[in-house]
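Next come the chains, spelled out residue by residue.
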Amino acid sequence: MKKLYLPLIMLLIVCLEGVATAMLPEQFIGGDTWLIPHWSLLFLVLIAMLYDLDNSYYSLLYALVFGLLKDIVYTDMLGVYMFTYGFSIYLILELRRVLHGNILVAAVLGMLSIVFADIIGYFIYHLIGITPLGFGTYLLHRLLPTLGANLIMLVILYLIFHKPLQKWSDSQLRRTTSL
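Throughout this document, residue positions are counted from 1 along each chain, in the order its sequence is written. Selection of residues for local features in this predicted model requires a pLDDT of at least 70, selection of side-chain atom pairs for listing and counting requires 80 or more, and totals for whole chains, interfaces and linings are taken over all residues. Only hydrogens and water are set aside; all other atoms, that is, all heavy atoms of the structure, feed into the side-chain values.

**Student:** Give a detailed account of the packing of aromatic side chains, specifying residues and quantitative values.
**Tutor:** Pairing of aromatic side chains requires ring centres within 6.5 Å, counting the rings of Phe and Tyr and the six-membered ring of Trp. Pairs whose planes differ by under 30 degrees are stacked, by over 60 edge-to-face, and all others tilted. Counting across every chain of the model gives twelve aromatic pairs. Judged by centre distance (4.3 Å) and plane angle (20 degrees), the ring pair of Tyr122 and Tyr138 falls under stacked. Pair noted here: Tyr122 is in helix H6 (residues 103–128) and Tyr138 is in helix H7 (residues 135–178), with a separation of 16 residues, a long-range link. Members of the aromatic cluster, connected to one another through ring pairs, are Tyr51, Tyr58, Tyr62 and Phe66. Counted as over-ring charges are cases with an Arg CZ or a Lys NZ within 6 Å of the ring centre that also lie within 35 degrees of the ring normal. It is Lys70 that lies over the ring of Tyr81; its NZ or CZ is 4.5 Å from the centre. Helical segments are the DSSP runs of H or I of at least four residues, strand segments are the runs of E of at least two, and each set is numbered from the N terminus.

**Student:** I'd like to hear about the side chain of Thr75, residue by residue, with values.
**Tutor:** Inspection of the secondary structure assignment puts Thr75 in the loop between helix H4 (58–74) and helix H5 (80–95). Whenever a nitrogen or oxygen atom comes within 3.5 Å of another N or O atom, the pair is scored as a polar contact, on the condition that within protein one atom can donate a hydrogen and the other can accept it, and that pairs from neighbouring residues in sequence are kept only if both atoms are in side chains. A polar atom in the side chain of Thr75 sits 2.8 Å from the backbone oxygen of Asp71. Here Met77 takes part through its backbone oxygen, which lies 3.0 Å from a polar atom of the side chain of Thr75. The contact rule is simple, with two residues in contact once any of their heavy atoms fall within 4.5 Å. Leave out the neighbours within four places in its chain, and Thr75 touches Lys70, Tyr81 and Tyr125.

**Student:** Please give an account of the environment of Leu91 that cites residues and values.
**Tutor:** Tracing the chain through its elements places Leu91 in helix H5. Along the chain, Leu91 and Phe116 lie 25 residues apart, while their C-alpha atoms are 9.0 Å from each other.

**Student:** Just give me the short version of a nonpolar patch on the surface, but keep the residues and values in it.
**Tutor:** Distance thresholds for patches are 9 Å for like charges and 5 Å for nonpolar side chains (Val, Leu, Ile, Met, Phe, Trp, Tyr), applied to residues having over 30% relative accessible area and no salt bridge. Exposure was quantified through the Shrake-Rupley algorithm and a 1.4 Å probe, taking into account, for residues, occlusion by the shown protein chains and nothing else. The term salt bridge refers to a pairing of a side-chain nitrogen on Lys or Arg with a carboxyl oxygen on Asp or Glu at a separation within 4 Å. A surface patch of nonpolar side chains, amounting to about 840 Å² of accessible area, comprises Leu95, Val98, Leu99, Ile103, Leu104, Val108, Leu112, Leu151, Val155 and Leu159. Here Leu95 shows up in helix H5.

This is the structure in structure tokens:
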């Protein structure tokens, strides 16, 4: 049963992202400023930091699967979220080898993952011609507000899931060492 917790939580978070986007005031999604919730990516960062063992890559697998799910449900183009989330989580998995997992490191890695994913997504959409925004406008009106809003959510997710993820990781470690 414990193996279903992470995918179910991820699915719930992906659904809540869509609800949150629909509930945002119009000035945050249709005006000059755009807030994009990347809550599933933030939870993936927490999985990478607190749950994955040195030789397990659950967060990378979930990044690919739930990135594709976000592409299917929320975008018109398949593969952008799958690629950007997968790439971001791969980088976070490499960085976590040298950084100790605490709330400050989680905040830094969470913000880095959003920067990686969002900027790569911007360049993909810009190359294809879907977004006409210049890079300066994108930074000021989309990336900075997105980082601010998602930082608040990262702290909330960290406070809620820090202990359960570590507990599930410890039980996973005990299972692998007892085999």
